[in-house]
Each structure stands twice: as structure tokens, then as C-alpha cells.
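Here's the letter readout for the chains.
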Amino acid sequence: MPNFPTADCEIPETLNPLNLRHYLLLIYWIYFRPTALKCYLYQADPELYRSGSRLSILRTLFIFTYRSLYFTALCVSVLLWLSATSVTVNLSIIFGVFSLLALVSMLGGVIHSLLFGVVRGVLFSVVLGVRLSVVFSLAFAAFSLRSVISNNELFGAAFSLGFGLGFGLAFSAVGGVGGLIAVDVAFIMLIGLVCVSILPLGNKVAFGVGFIAGALRVIFYLFEIGLALRSVYRNKKHPIEWDELIVLPLPGTQRLLSQRLQEDELKGLRFASNVARNPFQRWIVQRSLHIYLHNHPTPLHFLYGLLSSPELNTYISIPVNKKDWETLPTSGQLLLGEIAGKCVNCRTGWANQLAERLIWSLTWFCRQRRQTSLTVFASMLCAKNFSLSNYRKAYTNLASYPGGSEITNSFEALAIFLKYDNLLSLPAAVEIASGLTPNDTSIRPTVLAAIARLGEVAANIAIYQTANSDVKQISALRCATNSLLDLDKYIIAEVAMPEHLLLRQVTHNWYWLVEKASRNQNLNRSLPNSGSQIPQRLNLRFPNYRGRIPQCLNPLNIRHYFLLAYWVYFRPTALNCYLYQANSDIYQSRGFGKIFRTWRIAAYRRSRSASHSQ
């Protein structure tokens, strides 16, 4: 399982409501660094953070770290409210409305936690209170301009613009903390465009423009673009280093990424993964990695390092629910997918994935779209389930790169091993595996070690075939079986994708070939049964069909025509059971030539004639 991400910023053990600096820190987390807020909750109680119980929200009241967060957020909301209100506004109205909003925030957080879990409930309640304070603070600040602006239309436009800007910023901040930045920005932009295009001219247009400006974080962008230009010419800190929610591109971002990769590759990759958490900035990461890969002296080592580096074995985004813990990709998988030019799903839920795919499509023209042998091979490494024959060109075009022959020869060996369908062909693997031994310069020493152990298994099978006594045959089969069981455990623990799947498939195929030989020799009692990861196929039975299945379809019976149509469109299990009961050996046989044997069986011939008659 991947590791929990870390935030490269200060995270105190607990927020102190008596420390004014912690108020600013909480505002910074909400509007610029939501990863830090989630890490704060995780370090307080990892077990509670991962709790799937909806009522566990009540446990947060007994943890000092959570209580201090609630109280600090309440104090921040009060200070934001009072700092932006005008003295002309009745204070009793202010505190009355604020009390109502605080109650709405608390109840909303409880309801949200009951529906979606503890973490999202806590985040929702905290961020909702702060965001409502900001929205109405901006509204009161705009309302205070009434004494300055005498024109009612101009005042109404300013008030609507400030109110819409506050809502846009608030919803974008909530999306960033909850991991829904792509969905919220797209939703807010849609509302703003509807207000501008459909509603009549006037203050509502100003509200729509403010909504769009808030979603794009224009009020922050105008300030950050100056800091970005300053970092380019004076080597100061770039805003991309401390703002995770930037929507619009900033100058100097690609230059900073390339510089970090060249100075320290591992730290540069960690920085690139932090930037890639924001779907609006992934295209810049993709361009930087594409250039760095093709200028790398050992690009194949770099590609495999993305999958095997422990530093990159962290969730690309902070998990907040059970499905996130199970399905979110790692930082290395995302970076590899970006190099391959693929859209990697970094969120759960159809709305989040649809929004991120839309952003990926909109930024497609900004990406490096040139396909090379390295990018094609990267797409092969990204694939989870694939046929090795379909990617033969991907790994055979790597001979010109350092270590390319190792990659080509190992995948060719696995392709040959997968084709072995009888025990007589296994000894040929000894010679193939002998040329693939790990050394100090190997890109994937664990894969080569696994192939070498397959060669040892093949050597035991060769001894079995040449043995002249039952004792030697029993010993050779026992050694081969034990080696395959141990090898399967080694592959699970040490070998990464995609070779993990290929090697396990080879191991399982060979295991059943050896097991079949032992069954023919009546050696079942001599072979170990150690509870391996390999399933015991012999203990499984073919499924039974509860309905009635005729022994043979009759082309002269009109009812059997409807029965075959029913099997094909509604009950394919019945069709499989019909073929199995006709002849189980033919059903389990492999090879193209075996299909001609079906003409000797009446049940197969008549099922075909019935389908042709239809």
C-alpha cells in the first residue's frame, strides 16, 4: 500500500487559539495549502482519520487537536467578520447572522460526516465556517462603500462583484481542501457563464464576472504573477512552491521544475509530484519530464525509478475516504502516465474523474505530444492488463539506450515462457535464463533474479525427465514445486508492475504443468501443500447449472432454438455447462487444432446446426 503524503511546510502538533500566527496559518492552509490541513488531521489520529464509521465524528470532540482546530476556525471567522464590517452596520445584526452561519456550518459538517465520513465532515465544517465569513465579509466591505459611491448603479455593480468574488473564492477553497478543485472550478465557471450570458445586464453580470474571477483566483493571481516574475530574475521563491491551488499558468514554473530536476533528481521528482497534485498544472510537469527524460544519460533507469523509488510510493492526492485508500495512484504512477501522454485518474467518483479529464483535454495542446520509443515504452509500463505480444515493438526498439538489451531480452524470455503448454518444453528455459543474470548495473535486478530462479525450476524438470527411478522423479518434482511456491512469494514481495503480472502468470502456468505431471505419477501425497498464494485449482469444481439442460440440442425441436437464443442472450452459464457436460476433456483442451475434434461429438455438431438454422 502506498504511503501517506507529506506536506513540505510547517505543521504544528496542535493549533493554539492564543497564538495569532496560527490563525494566519489556518487561513493559509485553507486557501493555499490544503494538503497541510489534511496532514494535520492525519497526524492527530491516523486511526480516526481512516475510520469509515459515520458516527466517529463524535470522537473528534474528545481529541484536543480537533477541538483546537474547531475553536481556531471559529476565532478566524469572527476576526474576518469584524475586520471587514462597517461601523454603520448594526453589530447586533452582524452577530445574529454570524451565529446562524456558525450553526449552519456545524450542522452541515455533522450531516456531511454522516454521509461521507469523518474527515470530509471535519473539513466541511471548518472550511464552511471560514468561507462564509469571507463571503459576507467581502459583502459588508462592499456595502460600506455606499457612503463613498453616490451612484446606485455603480454601487450595485461593486457590491455584486465583491459578493460574487467572495463566493467564487470560497467554493474554490472548499474544492481544494476536499480534493474537488477540478469539479468546483468547473461548476463555478459554469454558474458565472450562465449569469453573464443568460441573465439581463446590470448587477447580475457583475456577480457572474466576480464568480468567474473567484473561481480562477484572479485576486491572488495578480499578486502571484509579480512574485513569479521576481523569482525568474532575482532567484526568489516561486508561488508554485507554496500555492497548491493555482489555476492559471505562471511564468517560470517550467524553468523551476527543470532546475530542481537537474540539481537533485529525487527531490525534483518529489517537487514535481507536489505540483502535479493540481490538475491545472500537470501539463507543465509533463513538459518538464518529457524534456528531462530525453536528455537523461540513462533514461530507462529513470523510467523504472519512477515505479520502484520508495520516495515516490506515496498517494498523489490525500485520501479522504475508503475508496481513495484502495484506488488512488502513487506519485510515480502519475508521473509515468504523464510521460506516456495518458490521463491518469487521480480522484474517485465519476464527477471528479470527468472534471479532471476535461482539464486534461483543455491542456492537451500545451503538452509535449511527440511520441518516441521512450514514451511508447512508458505507456507499456503504465498498462495494468495487457497482452505482451501487442507491445513487442515497444520493448524491442530500446536497443540503442543504455540497458535496452536487458529490457528486450527479459521481455522476450517472458514471452517464450508464457507459450510453454507442456512439461517437455520447460527444460529449454535453462539456456534462455542462463543469459539473464543480475549484476551491479542491472536496471531490474529483481526481475532478472526471478527469471534465473525459473531457470532452476526448468533444470529440475530436466532431471525429472531424464531420471530412471521413481525416487529421483519424486525428488525433482518436489524441488520444482517448492521453488515455484517460493518464487511466487518473492514476486509478490519484490517485483513491481508490469513484470509482476507476467512473472506470476508464468509461475502459475508452470506450477499446474508440474502438478499435472505429479498427478499422472500418483505423487500427490509427496508434493507439499503449504498454503501458497497459488490457488489450489484441483479442489475447485465446475459450476452447476440449476436449470434443465438437455444432453443434446435437437435441430428438429423448435423449442431448442428458443432455448439456444435464451442461453446466448440471457444465460451464458447454461451454454458453458452444456459444452462441459458433453465432453469435459474437449472443453478444457487448448490449441487451434483441437477444435476439429468437436465434429466427432453430437452435442457440438447439433448446437452449431441450431445456431445456423436461426
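Our subject is the structure that appears above.
Residues numbered from 1 in each chain as written. Predicted model: local features only at pLDDT ≥ 70, side-chain atom pairs only at ≥ 80, totals over all residues. Heavy atoms only, no water.

*Asks:* What should I look at first to understand the side chain of His560 in this one?
*Replies:* Topologically, His560 is positioned in helix 25 (residues 558-569). Setting aside its immediate chain neighbours within four residues, His560 contacts Pro550, Cys552, Leu553 and Asn554. (Helix = DSSP H or I, 4+ residues; strand = E, 2+ residues; numbered from the N terminus. Contact = heavy atoms within 4.5 Å.)

*Asks:* Would you mind showing me how to read the packing of aromatic side chains here?
*Replies:* Working definition: an aromatic ring pair is given by the centre-to-centre distance plus the angle between the planes. Taken as a whole, this structure holds 23 aromatic pairs when the rule is applied. Arranged with centres 5.2 Å apart and planes meeting at 25°, the rings of Tyr395 and Phe411 form a pair that is stacked. One end of the pair, Tyr395, is in helix 19 (residues 392-396); the other, Phe411, is in helix 20 (residues 404-419), and 16 residues separate them in sequence. Classification of Tyr395 as buried rests on a relative accessible area of 2%. Of the residues examined, Phe411 reaches a relative accessible area of 0% and is grouped as buried. Site record: aromatic cluster; members linked through ring pairs are Phe4, Tyr42, Tyr49, Tyr315 and Trp325. When the ring centre of Phe271 is taken as origin, the NZ or CZ atom of Arg260, which lies over that ring, is 4.5 Å away. Residue placement shows Arg453 over the ring face of Tyr490; its charged tip is 5.0 Å from the ring centre. (Phe/Tyr/Trp six-rings, centres within 6.5 Å; stacked < 30°, edge-to-face > 60°. Buried < 20%, exposed > 50% of the residue type's maximum accessible area, 1.4 Å probe, protein only. Lys NZ or Arg CZ within 6 Å of the ring centre and 35° of its normal.)

*Asks:* Looking at this model, I keep getting lost on the nonpolar core. Mind explaining?
*Replies:* In globular proteins that are soluble, nonpolar side chains generally tend to be buried together. Leu303, Phe377, Ile407, Phe411, Phe417, Leu503 and Trp510 are the most contacted members of the largest nonpolar core, which has 82 residues in total. Among all residues touching Trp510, those that are not within four sequence positions of it are Phe417, Tyr420, Leu426, Ala429, Leu454, Val457, Ala458 and Leu484. Ranked by size, the runner-up nonpolar core spans 29 residues in total, among them Ala7, Leu69, Cys75 and Ile318. (Core = buried A, V, L, I, M, F, W, Y, C linked by side-chain atoms within 4.5 Å.)

*Asks:* Please explain helix 13 (residues 282-294) as it appears in this structure.
*Replies:* Every α-helix winds through 3.6 residues per turn, so residues three or four apart in the chain are directed the same way. Relative to the 18 Å expected for 13 residues at 1.5 Å per residue, helix 13 spans 18 Å between its end C-alpha atoms, a close match to the ideal helical length. Among the 13 residues that make up helix 13, ten are buried, leaving the element largely enclosed by the rest of the structure. Here the buried face of helix 13 lies against helix 11 (253-263), helix 12 (265-276), helix 14 (299-308), helix 16 (331-340), helix 17 (350-362) and helix 18 (373-382). (Expected span 1.5 Å × (residues − 1).)

*Asks:* Any chance you could explain the packing of helix 11 against helix 12 here in plain terms?
*Replies:* Each pair of packed helices gets described by two things: the angle between the helix axes and the distance between those axes. In the contact formed by helix 11 and helix 12, the axes pass within 5 Å of each other and the chain directions differ by 150°. By the angle between their axes, helix 11 is roughly antiparallel relative to helix 12. Both helix 11 and helix 12 take part in a crossing whose hand is left-handed. Note on element contacts: helix 12 touches helix 11 through Glu265, Gly268, Leu269, Phe271, Ala272 and Val275, opposite Leu256, Leu257, Arg260, Leu261 and Glu263. Its residues placed into classes, the contact of helix 11 with helix 12 shows seven nonpolar, one polar and three charged. (Axes fitted to C-alpha atoms, helices over the stretch in contact; angles between N-to-C directions. Parallel < 35°, antiparallel > 145°, perpendicular 65-115°, else oblique. Left-handed = near helix turned anticlockwise from the far one by under 90°. Nonpolar A, V, L, I, M, F, W, Y, C, P; charged D, E, K, R; others polar.)

*Asks:* Is there a simple way to think about the packing of helix 13 against helix 16 in this case?
*Replies:* Helix 16 packs onto helix 13 with a crossing angle of 75° between their chain directions and a minimal axis gap of 9 Å. The angle between the axes of helix 13 and helix 16 places the two elements in the roughly perpendicular class. For the pair formed by helix 13 and helix 16, the contact residues are Arg282, Val285, Gln286, Leu289 and Leu293 on the first element and Leu334, Leu335, Glu338 and Ile339 on the second. Of the residues contributing to the contact of helix 13 with helix 16, the split by class is six nonpolar, one polar and two charged.

*Asks:* When you look at the pattern of salt bridges in this model, what are you seeing that I'm missing?
*Replies:* Should their charged atoms come close, side chains of opposite charge can pair. Under the definition given, this model contains ten salt bridges. Between Glu244 and Arg33 there is a salt bridge, with its nearest N and O atoms 3.3 Å apart. With a gap of 211 residues between them, Glu244 in the loop between helix 10 (218-234) and helix 11 and Arg33 in the loop between helix 1 (20-31) and helix 2 (34-44) connect regions that are remote in the sequence. Accessibility assignment for this pair places Glu244 and Arg33 in one class, buried. One salt bridge in this structure joins Glu499 and Arg444, with 2.4 Å as the shortest N-O distance. In this pair, Glu499 sits in helix 24 (residues 499-520) while Arg444 sits in the loop between helix 21 (429-434) and helix 22 (445-466), placing the two residues 55 residues apart along the sequence. You'll find Glu499 and Arg444 in the same group, each marked buried. Several salt bridges converge on common partners, so that one network encompasses Glu406, Arg444 and Glu499. (Salt bridge = Lys/Arg side-chain N within 4 Å of Asp/Glu carboxyl O.)

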